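Topology and contacts: notes
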Amino acid sequence: MSLVRCPNGHVYNAKRYGKICPYCSMKSQEETAATKPVGFEPPVEILMEEVRPVCGWLVCIEGARVGMDYKIFKGKNFVGRGDAMDIQILGDNEINRKNHTKY
């Protein structure tokens, strides 16, 4: 298969459509799958993103959120009702807003 990319970034089969992009009618840049693989260049943001593996779950067994589960990630996990908490448990005023506990 002979894939090419037009200046607007559309990828299409050159054997089927020729040198004119079927999406925007622009001429291709003559890049084939053999010289530059399509789809193998992840955005820089993904490469820089920290991966936090899940190492456990916290499950609510009573109260307003019964049945809800919360992922516990590797490292410290702060629990509370506040927006800044890693594990935010809403609906129970007995839980502190900040740093009720940490896992």
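So, a few notes on the structure that sits alongside this text. (Residues numbered from 1 in each chain as written. Predicted model: local features only at pLDDT ≥ 70, side-chain atom pairs only at ≥ 80, totals over all residues. Heavy atoms only, no water.)

**Overview of the overall build of the chain**
Each helix and strand counted, the chain has two helices and seven strands in total. Put simply, the chain runs from its N terminus to its C terminus through helices and strands in the order β-β-α-α-β-β-β-β-β. Burial status across the chain gives 21% buried among its 103 residues. Of the contacts made within the chain by residues no fewer than 6 positions apart, 21% connect residues no fewer than 24 positions apart. Accessible surface computed for the chain: about 8100 Å², of which carbon and sulfur atoms make up 53%. (Helix = DSSP H or I, 4+ residues; strand = E, 2+ residues; numbered from the N terminus. Buried < 20%, exposed > 50% of the residue type's maximum accessible area, 1.4 Å probe, protein only. Contact = heavy atoms within 4.5 Å. Areas by Shrake-Rupley, 256 points an atom, 1.4 Å probe, with all protein chains shown as cover.)

**Observations concerning the nonpolar core**
Listed in full, the seven residues of the largest apolar core are Leu-58, Tyr-70, Ile-72, Val-79, Ile-87, Ile-89 and Ile-95. Apart from residues lying up to four places away in sequence, Ile-89 is in contact with Leu-58, Tyr-70, Val-79, Gly-80, Arg-81 and Ile-95. The next biggest cluster of nonpolar side chains, apart from the first, holds five residues, and it includes Val-4, Cys-6, Tyr-12 and Cys-21. (Core = buried A, V, L, I, M, F, W, Y, C linked by side-chain atoms within 4.5 Å.)

**Here's the deal with the pairing of strand 4 (residues 69–73)**
Taking every second residue as pointing to the same face, the buried face of strand 4 carries Tyr-70 and Ile-72, while none of Asp-69, Lys-71 and Phe-73 on the other face is buried. Note that strand 3 (residues 54–59) and strand 4 share five bridges and pair antiparallel. In the sheet register, Gly-56 faces strand 4, and the bridge partner there is Ile-72. (Pairing = 2+ DSSP bridges.)

**With respect to the side chain of Arg-81**
Position of Arg-81 among the secondary structure elements: in the loop between strand 5 (78–80) and strand 6 (87–88). Here Arg-81 is buried and forms no salt bridge, its nearest opposite-charge partner Asp-92 lying at an N-O distance of 7.1 Å. Polar contacts involving the side chain of Arg-81 include one to the side chain of Asn-93, which spans 3.3 Å. Those residues in contact with Arg-81 that lie beyond four places of it in its chain are Gln-88, Ile-89, Leu-90, Asp-92, Asn-93, Ile-95, Asn-96 and Arg-97. (Lys, Arg positive; Asp, Glu negative; His and termini not counted. Salt bridge = Lys/Arg side-chain N within 4 Å of Asp/Glu carboxyl O. Polar contact = N/O pair within 3.5 Å; in protein donor to acceptor, adjacent residues only side chain to side chain.)

**Describing a nonpolar patch on the surface**
Nonpolar side chains collect at one region of the surface, where Val-54, Trp-57, Val-59 and Ile-61 lie side by side and expose about 440 Å² of accessible area between them. With a relative accessible area of 49%, Val-59 lands in the partly exposed category. (Patch = residues over 30% accessible without salt bridge, like charges linked within 9 Å, V, L, I, M, F, W, Y side chains within 5 Å.)

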